[in-house]
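Okay, here's what each chain looks like letter by letter:
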Amino acid sequence: MAESSVELRDVSKRHGDTLAVDRVSLVIRRGEFFAILGPSGSGKTTILRMLAGFESPDAGDILIDGRSVRGVPPNRRSVNLVFQTYALFPHLTVAGNIAFGLEMRRVPAAEIAARVAEALDMVRLQGKQDRLPAQLSGGEQQRVALARALVNRPAVLLLDEPLGALDQQLRMDMQVELKTIQERVGLTFICVTHHQEEALTMSDRVAVMRQGRLLQVGSPRDIYEAPQSAFVANFIGRSNSLTGRIETVNGLRCTLRAADLPAAALVAATCPAGAGIGSPATLMLRPERLHLSADVQVDGYDNMLPARVCKAIYNGSETQYLLALSDRLSWQVLVPNVGNGQKRFQPGESVFLRWRADDAVVMPE
Amino acid sequence: MNLEVLSPDRRVSVRAVLVPRRPGLLLLPALVWLGLFFFVPLALMLAISFAWRGTYGGVEWTLSLANYVNVLDPLYLKVFLRSVLLAAVTTAVCLVLGFPIAYYIARLPARRQGIWLLLVMIPFWTNFLVRTYAWIFILRTEGLVNTVLISLGLIGSPIDVLYTETAIVIGLVYGYLPFMILPLYAAVERLPPSLVEAAWDLYASRWAVLRRVIVPLTKPGLVAGCILVFIPSLGAFMTPDLMGGARTMMIGNLIQHEFLVARDWPFGSAISLVLMALVLLGLAIYLRVEGAGKRPATEWMSR
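Keep in mind the model is a prediction, meaning the values are calculated, not measured.

Asks: When you look at the overall build of chain A in this model, what are you seeing that I'm missing?
Replies: Helix and strand counts for chain A come out as eight helices and 20 strands. Its C-alpha atoms give chain A principal-axis dimensions of roughly 75 × 50 × 35 Å. Taking all 365 residues of chain A together, the buried fraction comes to 52%. Looking at chain A alone, contacts between residues at least 24 apart form 67% of all its contacts between residues at least 6 apart. Each charge sign in chain A was given a centre, from 41 positive and 39 negative side chains, and these centres are 3 Å apart.

Asks: I tried to follow the interface of chain B and chain A on my own but got confused; where do I start?
Replies: Interface size is commonly expressed as the accessible surface area that is lost when the partners come together. On the chain A side, the residues contacting the 21 residues of chain B number 35 residues. For the pairing of chain B and chain A, the buried interface totals around 2500 Å² over both sides, and the portion due to carbon and sulfur atoms is 65%. The salt bridge partner of Glu103 of chain A is Arg212 of chain B, with a shortest N-O separation of 3.0 Å. Between the two partners, chain B and chain A, sit seven residue pairs in polar contact (both at pLDDT 80 or more).

Asks: What should I look at first to understand the sheet that holds strand β18 (residues 330–336) of chain A in this one?
Replies: The strands that make up a sheet are held in pairs by hydrogen bonds between backbone atoms, and each pair lies either parallel or antiparallel. Residue and element names in this part refer to chain A. Taken together, the five strands give an open sheet; going across it, the order is β15-β19-β16-β17-β18, and neighbouring strands pair in antiparallel fashion. Looking at which strands have only one partner, the edges of the open sheet turn out to be β15 (291–293) and β18. Within the sheet, the average angular offset between the axes of one strand and its neighbour, ignoring direction, is 45 degrees. With seven bridges joining them, strand β17 (residues 318–324) and β18 adopt antiparallel strand pairing. Residue Tyr321 lies in a different strand from β18, and its bridge partner there is Val333.

Asks: Honestly, the side chain of Thr46 of chain A in this entry has me stumped. Any pointers?
Replies: Residues and elements named next belong to chain A. Mapped onto the secondary structure, Thr46 falls in helix α1 (residues 44–52). A relative accessible area of 8% means that Thr46 is categorised as buried. If near-sequence neighbours (up to four positions away) are discounted, Thr46 is found in contact with Lys13, His15, Ala20, Val21 and Glu55.

Asks: What exactly am I supposed to notice about the packing of aromatic side chains here?
Replies: How two aromatic rings sit relative to each other is set out by the distance from centre to centre and by the angle between their planes. With the rule as written, the count across this model stands at 17 aromatic pairs over all chains. On the basis of an interplanar angle of 45 degrees and a centroid distance of 5.9 Å, the ring pair of Tyr176 of chain B and Phe179 of chain B is categorised as tilted. Remark: Phe179 of chain B and Tyr176 of chain B occur in helix α9 (residues 165–189); sequence separation between them is three residues, near one turn of the helix. We classify Phe179 of chain B as partly exposed; its relative accessible area is 31%. The ring of Tyr203 of chain B has Arg105 of chain A sitting right over it, with the charged end atom 4.0 Å from the ring centre.

Asks: What exactly am I supposed to notice about α9 of chain B here?
Replies: An α-helix turns once every 3.6 residues. As a result, residues three or four positions apart point the same way. Residue and element names in this part refer to chain B. In this model α9 runs 35 Å from its N-terminal to its C-terminal C-alpha over 25 residues, within 8% of the 36 Å that 1.5 Å per residue would give. By the largest-angle criterion, Tyr176 marks the main kink of α9, which is about 45 degrees, and a proline, Pro178, follows within four residues. The N-cap of α9, judged by a side-chain oxygen 3.3 Å from the amide nitrogen of Thr166 a few residues on, is Thr164.

Asks: Just to check I follow, could you spell out the nonpolar core for this structure?
Replies: The nonpolar side chains of a soluble globular protein tend to be buried, and buried together. Counting 68 residues, the largest nonpolar core has Leu8, Ile47, Phe89, Phe100, Leu158 and Ile190 of chain A as its most contacted members. It is α9 of chain B that contributes the most residues to this core, eleven residues altogether. Listed in part, the 36 residues of the second largest apolar core include Val94, Leu136, Val151 and Phe189 of chain A.

Asks: Please explain the environment of Leu31 of chain B as it appears in this structure.
Replies: Mapped onto the fold, Leu31 of chain B is located in helix α3 (residues 28–49). For the pair formed by Leu31 of chain B and Met243 of chain B, sequence separation is 212 residues and the distance between their alpha carbons is 37 Å.

Asks: Even after reading the chapter, I still don't get the packing of helix α7 (residues 128–139) of chain B against α9 of chain B, so can you show me in this structure?
Replies: Helix packing geometry: the angle between the two helix axes and the distance between the axes. Residue and element names in this part refer to chain B. Look at α7 against α9: their axes get within 11 Å of each other, and the N-to-C directions meet at 140 degrees. The orientation of α7 with respect to α9, classified from their angle, is oblique. Judged by the sense of rotation from one axis to the other, the crossing of α7 with α9 is right-handed. Side by side, α7 and α9 meet where Phe128, Arg131, Trp135 and Leu139 of the first sit next to Ala167, Ile170, Tyr174 and Gly175 of the second. Of the residues assigned to the contact of α7 with α9, the class counts are six nonpolar, one polar and one charged.

Asks: Is there a simple way to explain the pattern of salt bridges in this structure?
Replies: Here the idea is simple: oppositely charged side chains can pair when their charged atoms come close. Within the structure shown, the criterion is met by 27 salt bridges over all chains. With its nearest N and O atoms 2.7 Å apart, the salt bridge here joins Glu197 of chain B to Arg49 of chain A. With Glu197 of chain B in helix α10 (residues 193–201) and Arg49 of chain A in helix α1, this pair bridges two chains. Of the residues examined, Glu197 of chain B reaches a relative accessible area of 19% and is grouped as buried.

Asks: Got a minute to help me understand unusual backbone geometry in this structure?
Replies: Excluding glycine, residues mostly carry a negative phi; peptide bonds, for their part, are mostly trans. Residue and element names in this part refer to chain A. Phi is positive for Arg124, which is not a glycine, with a value near 55 degrees. Structurally, Arg124 can be placed in the loop between α3 (109–122) and α4 (138–150). With relative accessibility at 52%, the residue Arg124 sits in the exposed group.

How each quantity is defined
Residues numbered from 1 in each chain as written. Chains lettered and ligands numbered in written order. Predicted model: local features only at pLDDT ≥ 70, side-chain atom pairs only at ≥ 80, totals over all residues. Heavy atoms only, no water. Helix = DSSP H or I, 4+ residues; strand = E, 2+ residues; numbered from the N terminus. Buried < 20%, exposed > 50% of the residue type's maximum accessible area, 1.4 Å probe, protein only. Contact = heavy atoms within 4.5 Å. Lys, Arg positive; Asp, Glu negative; His and termini not counted. Charge placed at Lys NZ, Arg CZ, Asp CG, Glu CD. Buried area = accessible area lost by both parts, 1.4 Å probe. Salt bridge = Lys/Arg side-chain N within 4 Å of Asp/Glu carboxyl O. Polar contact = N/O pair within 3.5 Å; in protein donor to acceptor, adjacent residues only side chain to side chain. Pairing = 2+ DSSP bridges. Axes fitted to C-alpha atoms, helices over the stretch in contact; angles between N-to-C directions. Phe/Tyr/Trp six-rings, centres within 6.5 Å; stacked < 30°, edge-to-face > 60°. Lys NZ or Arg CZ within 6 Å of the ring centre and 35° of its normal. Expected span 1.5 Å × (residues − 1). Bend = angle between axes of the 7 residues up to and from the residue. Core = buried A, V, L, I, M, F, W, Y, C linked by side-chain atoms within 4.5 Å. Parallel < 35°, antiparallel > 145°, perpendicular 65-115°, else oblique. Left-handed = near helix turned anticlockwise from the far one by under 90°. Nonpolar A, V, L, I, M, F, W, Y, C, P; charged D, E, K, R; others polar.

As structure tokens, then:
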């Protein structure tokens, strides 16, 4: 059996005047939970619809289980889609909805009954098989949609913004549940979402898209901690940025002179590959990697900059500080709320920001 | 989209503004109209249907079932049967022609749907009689169809389609097709395209998508369209009169003949009421069957 479950080879798709998908190549491994993340209009949904067979690529090829699916209609693909709007059949019961795909494939009645029961069990909807979709809550409808696809044991399960219509609490519960179910059934899941938290929590690997192009593919950790572009750094989580020129290079380390900081300030950072003295670069720094103190302290941190607190926002588990580093530069810092004796900073207070050089990512322009 | 969910307040205010304190009064104008011009004549017809035809065409008031017994005469039963058959064929043809059109229009972008719906309704702007005569000119022996087919060498001698049952069906389909398209369009327009995609994704062939998803979910429109075509087709008299010639009589022609030519009002009334009873009976049977099968168990569940 082929190692790859889904392979996109140089796939392009045009919608009217816009290039919805622009030469995307991608290999998704068997049994992987893969997320395609991007803002609306990034082409992620078009990729999903091409995998399902509702649209076909203008150029390039798509392989599922090692075979090209060019010209294969959706009903002949071992791929099932969980629709964003669920698209449950309103005239069929929960059991009728789940059994639909099996009936279409003429699975024997006894086996259908067993598999429907098993699927109901998996999404924890036992006892609701005779309800109509309109009699279910949003979360329950979501589970039916999932069961309706899972019951067919497809080679690939596609999820289109699967948790988009759920409220926050349910969304977090379902993230964990979806991941658990995926690990249990061992199927390849491909999930399209614009919600970065969803992508990070559930997936083994994430692809970030923008304007039809694939920007970066990697594990959630890679994507979050080693973004390869400013867009990825800002789209996944929050990020502080600093632009400047490389002043000195010393092996893996370099120093950066920032345009928006006082002339004396030099920032130590990891040197990006191929960067030389004088080349422009952008430094990205996560708000939770920054440390705040009231006084000057030099205890193993490579960098320290003075700043002024503009705003302190209490978020429950953490406090978010907005800081001004200069007239033109403001950063944010997240400080976990860990104990009662913790120092709280007030707007207007002067503070010192510290961070380690390898906590920042430097990208050449 | 459910408006009540989106804006509960709005619903309350609409209620307060639009519903008068005594909503029953809204029905009054229509009730008076229907009462005077529908129920009273209907009651008169019922009374007359039990009477006798006078020697010179008047009504001789008696209480007799003779007119209803007369309806059972094989001669008239044949007319009933032919009418039902022609109306059924008309309905079937309208459904087959109308469904794809309705589906096509309902899936167009919203701003282009209006043009198409207008095109469907444009024939209504011309008098029905004129349009029927136009069909006669198209279908007659030396008409458009035969002239073209002969000049193309496709046929040697003209096809005699005018003044046959086929001509009646052509005329009826032409006249009533919009009544099929409009309710079907409304039903398909409400069907979310994602449901069709979902069925397709779940291994349903195009035929299975139609049978298992589209038809059940557009059923109200299908039924409305069929009723709107079948009932007027059953009672039609102008189309069969003009396009069917003297040989093929439908119930409408029979009723017209009894009232206007034979001047036998009692018998004409009896036929009209039997026709009406048949239609109502048909609808009642449909509703009963439909009601019983409301929650059909899927095949595998019944085992």
